[in-house]
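Spelled out, the chains give:
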Amino acid sequence: MAGVAPALFTLGRVRVWEEARSLVLPLAIVLVGLFAVSLLNGGALQAVHGGPLFLALFSLGWVVTLGLLALAAVVCLVAQYRRPAPPPPAAERPRAAPLPGWSKPLLAVLGSGWLGIGAGLLTFPAFWGPLVPWTVNRADAQGLGVWALALGAGVLGSLVEDDLTRIRPALTAVPAVALAVAVLLAVHARSVDWTSGPGVSLLALVAGLLATGVAGRFLLTRADARGQAVNSG
């Protein structure tokens, strides 16, 4: 959440849907998915399971807040897709900075990895949960699955957009998320089984996110500079 939040503020400068959906669609997956996971695992809530009053009220507030945010995300998506598209040739914003050809296979592998892990953790937590390189319960596994699913959808969505200027907000979120995960893994390094296959795979996936974000921002900066040079010339 800390990694994604700064990128959300950049959406205020976006004027066309093509430049927002690479971040908004994964965000909707996170909000709706975490709300569903909270309901599916409602029996483990502090308010149901028992505990201090503050924690019980916080757990109820968590569910209510997620529910409202998930509803808002769905309403916004429905309103957006009900909005009539402009007639051709102005139906979509033209692609100004296509993705380099060498990056597409790498993005496909990275996105498929996150998407597959997320789908496994979300739908079969009893099988995939023990493969996480630290101890998780069912709710933890499914929550991680939602985030992994959203990351995979965002990375694969960049291939569909095929334009660095269209994925500008997502390029702000991706490296920030990778850094946030890296900090958490470093703080809890003793709880992670680094020698396991899943531990190595997690490092590769997080490093892939960081490399994707840094390389994407670099290429976007170069594309912006070229565009300014052309306009000034």
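Every chain's residues receive numbers from 1 upward, in the order its sequence appears when written. In view of the model being predicted, local features appear only for residues whose pLDDT reaches at least 70, and side-chain atom pairs are presented and counted only at 80 or more, with totals across whole chains, interfaces and linings using the full set of residues. Side-chain calculation: all heavy atoms of the structure are included, whereas hydrogens and water are not.

**Some details on the side chain of Arg 166**
Worth spelling out the cut-off: To qualify as a helix, a DSSP run of H or I must reach at least 4 residues; to qualify as a strand, a run of E must reach at least 2; elements of each kind are numbered from the N terminus. Burial classes: relative accessible area under 20% of the type maximum marks a residue as buried, over 50% as exposed, and values in between as partly exposed (1.4 Å probe, protein chains only). Residues adjacent in sequence count toward polar contacts only when both atoms are side-chain atoms; beyond that, a polar contact is any pair of N or O atoms within 3.5 Å, and within protein one must be able to donate a hydrogen and the other to accept it.
By secondary structure assignment, the location of Arg 166 is in the loop between helix H7 (138-161) and helix H8 (168-187). A relative accessible area of 1% places Arg 166 in the buried class. A polar atom in the side chain of Arg 166 sits 3.3 Å from the side chain of Glu 161.

**Thoughts on unusual backbone geometry**
Across the chain, the bulk of peptide bonds are trans and the bulk of non-glycine residues have phi less than zero. A positive phi angle, close to 50°, is found at Asp 162, a residue other than glycine. Structurally, the position occupied by Asp 162 is in the loop between H7 and H8. Here Asp 162 falls in the buried class, since its relative accessible area comes to 17%.

**Describing the side chain of Ser 22**
To keep it simple, the criterion reads: Should any heavy atoms of two residues lie within 4.5 Å, those residues are counted as being in contact.
Within the secondary structure layout, Ser 22 lies in helix H2 (residues 21-40). Judged by relative accessible area, which is 7%, Ser 22 ranks as buried. Setting aside residues up to four positions removed in sequence, Ser 22 forms contacts with Gly 154, Arg 166, Ile 167 and Ala 170.

**Some remarks on H8**
Stated precisely, the cut-off is as follows: Each residue after the first adds 1.5 Å to the expected span of a helix.
Across its 20 residues, H8 extends 30 Å between first and last C-alpha, which sits within 8% of the 28 Å expected from 1.5 Å per residue. Buried residues of H8: Pro 169, Ala 170, Leu 171, Ala 173, Val 174, Pro 175, Val 177, Ala 178 and Leu 185, and no others.

**Details of the packing of aromatic side chains**
Put simply, the rule is: Only the six-membered ring of Trp is used, alongside the rings of Phe and Tyr, when aromatic pairs are assigned; centres must lie within 6.5 Å, and planes under 30 degrees apart are stacked while those over 60 apart are edge-to-face, with the rest tilted.
One pass over the structure, following the stated rule, counts two aromatic pairs. Relative to Tyr 81, the ring of Trp 17 has its centre 5.6 Å away and its plane inclined at 85°; by these criteria the two rings are edge-to-face. Taken as a pair, Trp 17 in the loop between helix H1 (5-9) and H2 and Tyr 81 in helix H4 (residues 53-82) lie far apart in primary sequence, 64 residues in all. Judged by its relative accessible area of 52%, Tyr 81 falls in the exposed class.

**Things to note about the packing of H2 against H7**
Formally: Angles shown run from 0 to 180 degrees and are taken between the N-to-C directions of axes, each axis being a line fitted to C-alpha atoms and, for helices, limited to the stretch in contact. Should an angle lie under 35 degrees it is considered roughly parallel, over 145 roughly antiparallel, and from 65 to 115 roughly perpendicular; all remaining angles are considered oblique. Crossings are assigned a handedness: left-handed for a near helix turned anticlockwise from the far helix by less than a right angle, right-handed for a clockwise turn. Three categories are distinguished: nonpolar for Ala, Val, Leu, Ile, Met, Phe, Trp, Tyr, Cys and Pro, charged for Asp, Glu, Lys and Arg, and polar for the others, with Gly belonging to the last.
Here H2 crosses H7 at 165°, and the two axes come no closer than 9 Å. The pairing of H2 with H7 is recorded here as roughly antiparallel in orientation. Handedness of the crossing formed by H2 with H7: right-handed. Note on element contacts: H7 touches H2 through Ala 139, Gln 142, Gly 143, Val 146, Trp 147, Leu 149, Ala 150, Ala 153, Gly 154 and Glu 161, opposite Arg 21, Ser 22, Pro 26, Ile 29, Val 30, Gly 33, Leu 34 and Val 37. In the contact of H2 with H7, the residues fall into 11 nonpolar, five polar and two charged.

**With respect to the nonpolar core**
Just so we agree on the cut-off: Side-chain atoms within 4.5 Å are what join buried Ala, Val, Leu, Ile, Met, Phe, Trp, Tyr and Cys residues into a set we call a nonpolar core.
Core analysis: the biggest nonpolar cluster contains 27 residues, and Leu 110, Trp 114, Leu 164 and Leu 209 have the highest contact counts within it. Where this core is concerned, the elements lending two or more residues are helix H5 (103-123), H7, H8 and helix H9 (197-232). With seven residues, H9 is the largest single contributor of residues to this core. Residue contacts for Leu 209: discarding those within four places in its chain leaves Leu 110, Trp 114, Leu 151, Val 155, Val 174 and Ala 178. Ala 28, Leu 31, Leu 66 and Ala 70 belong to the second largest nonpolar core, which has 14 residues in total.

**With respect to the packing of H5 against H7**
At a minimum axis separation of 7 Å, H5 and H7 run at an interaxial angle of 155°. Classed by the angle they form, the pair H5 and H7 counts as roughly antiparallel. At the point where H5 passes H7, the crossing takes the left-handed sense. Class assignment for the residues of the contact of H5 with H7 results in 18 nonpolar, seven polar and one charged.

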